[in-house]
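# Structural description and commentary
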Amino acid sequence: EWPTRGKRSVLGAASGMVAGLATITPASGFVSIGSAVCIGLVSGAGCFFGVTKLKSKCGYDDSLDVFGVHGVGSTIGMLMLGMLASADVNAAIATTFKEGDTVVSLAGGGAQLLNQAIAIGITVLLSGVVTWILLKVIAATIGLRVPQEDEHSGLDLTEHGESAYNDAA
């Protein structure tokens, strides 16, 4: 945020911390400290791009930047794990096993990067299909949007009967 906008913000710092946590979560326990720093640097730029450029380019509604922080960050973390997973950090991934004529290792490298990419693709596909089904069911039963007047007045007031001021005082 600072290099592109010329200033720092508390929201940017908080989003950066959450992005770091979302990004390192898939890799924690499998990468060295140096690799974790590398993942953090790449994810900082990737999540900033997701929040500032990707959202405006695609035009999706994400007021809390959940996709830009969690979606982009965890995808970066999963992909980089495929390259940086180390048997020196976690001996359990040093074990190799034979799958047909191929010896498979879970340590970082091209084969594991491909495994991670396939897993991400399956996850995106499954999540997309299930989300689409749920949206269709909700749209057919209770609807996806509140009336425009309720949205303008604020959902705290119209849906929950709450206001910024305590009416009882």
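Bear in mind that the values here come from a model prediction, so they are computed numbers and not experimental data. (Residues numbered from 1 in each chain as written. Predicted model: local features only at pLDDT ≥ 70, side-chain atom pairs only at ≥ 80, totals over all residues. Heavy atoms only, no water.)

Glancing now at the confidence of the model for the protein. Residues at a pLDDT of 70 or more form 91% of the protein, whose mean pLDDT is 86. At the level of individual helices and strands, the protein shows its lowest average pLDDT in strand β2 (residues 102–105), which scores 63, and its highest in helix α5 (residues 110–141), which scores 94. (pLDDT = per-residue confidence, 0-100. Helix = DSSP H or I, 4+ residues; strand = E, 2+ residues; numbered from the N terminus.)

Turning our eyes to something else, we now look at the layout of surface pockets. In this structure, the largest pocket occupies an estimated 540 Å³ of space. Taken together, 22 residues line the largest pocket, and the ones lying closest to its centre are Leu-11, Gly-12, Ser-15, Gly-16 and Phe-48. Looking at the lining of the largest pocket, the elements with two or more residues in it are α2 (10–24) and α3 (33–58). Looking at side-chain class alone, the lining of the largest pocket contains 8 nonpolar, 10 polar and 4 charged residues. Its volume calculated, the second largest pocket comes out at about 200 Å³. As for the second largest pocket, its lining consists of Val-66, Phe-67, His-70, Gly-71, Val-72, Ser-74, Thr-75, Met-78, Ile-120, Thr-123, Val-124 and Ser-127. Elements represented by at least two residues in the lining of the second largest pocket include exactly α4 (66–84) and α5. (1 Å grid on protein atoms, 1.4 Å probe; cavity = no way out; pocket = protein on both sides within 12 Å on 5 of 7 lines; lining within 4 Å. Points joined across faces, edges and corners; volume = space filled by probe spheres on them. Nonpolar A, V, L, I, M, F, W, Y, C, P; charged D, E, K, R; others polar.)

Once that is clear, we can look at the packing of α2 against α3. Interaxial distance between α2 and α3 falls to 9 Å at its minimum, and their mutual angle equals 125 degrees. Here α3 runs oblique to α2, going by the angle between their axes. Pair α2 / α3 crosses with right-handed handedness. Where α2 abuts α3, its residues Ala-19, Thr-23 and Ile-24 lie against Ala-36, Ile-39, Ser-43 and Cys-47. Of the residues assigned to the contact of α2 with α3, the class counts are 5 nonpolar, 2 polar and no charged. (Axes fitted to C-alpha atoms, helices over the stretch in contact; angles between N-to-C directions. Parallel < 35°, antiparallel > 145°, perpendicular 65-115°, else oblique. Left-handed = near helix turned anticlockwise from the far one by under 90°. Contact = heavy atoms within 4.5 Å.)

Another aspect to go through is the environment of Ser-86. Checked against the element boundaries, Ser-86 lands in the loop between α4 and β1 (96–99). With a relative accessible area of 19%, Ser-86 lands in the buried category. As for Ser-86 and Ser-32, which are separated by 54 residues in sequence, their C-alpha atoms are 7.2 Å apart. Leaving out residues up to four positions away in the same chain, Ser-86 has contacts with Phe-30 and Ile-93. (Buried < 20%, exposed > 50% of the residue type's maximum accessible area, 1.4 Å probe, protein only.)

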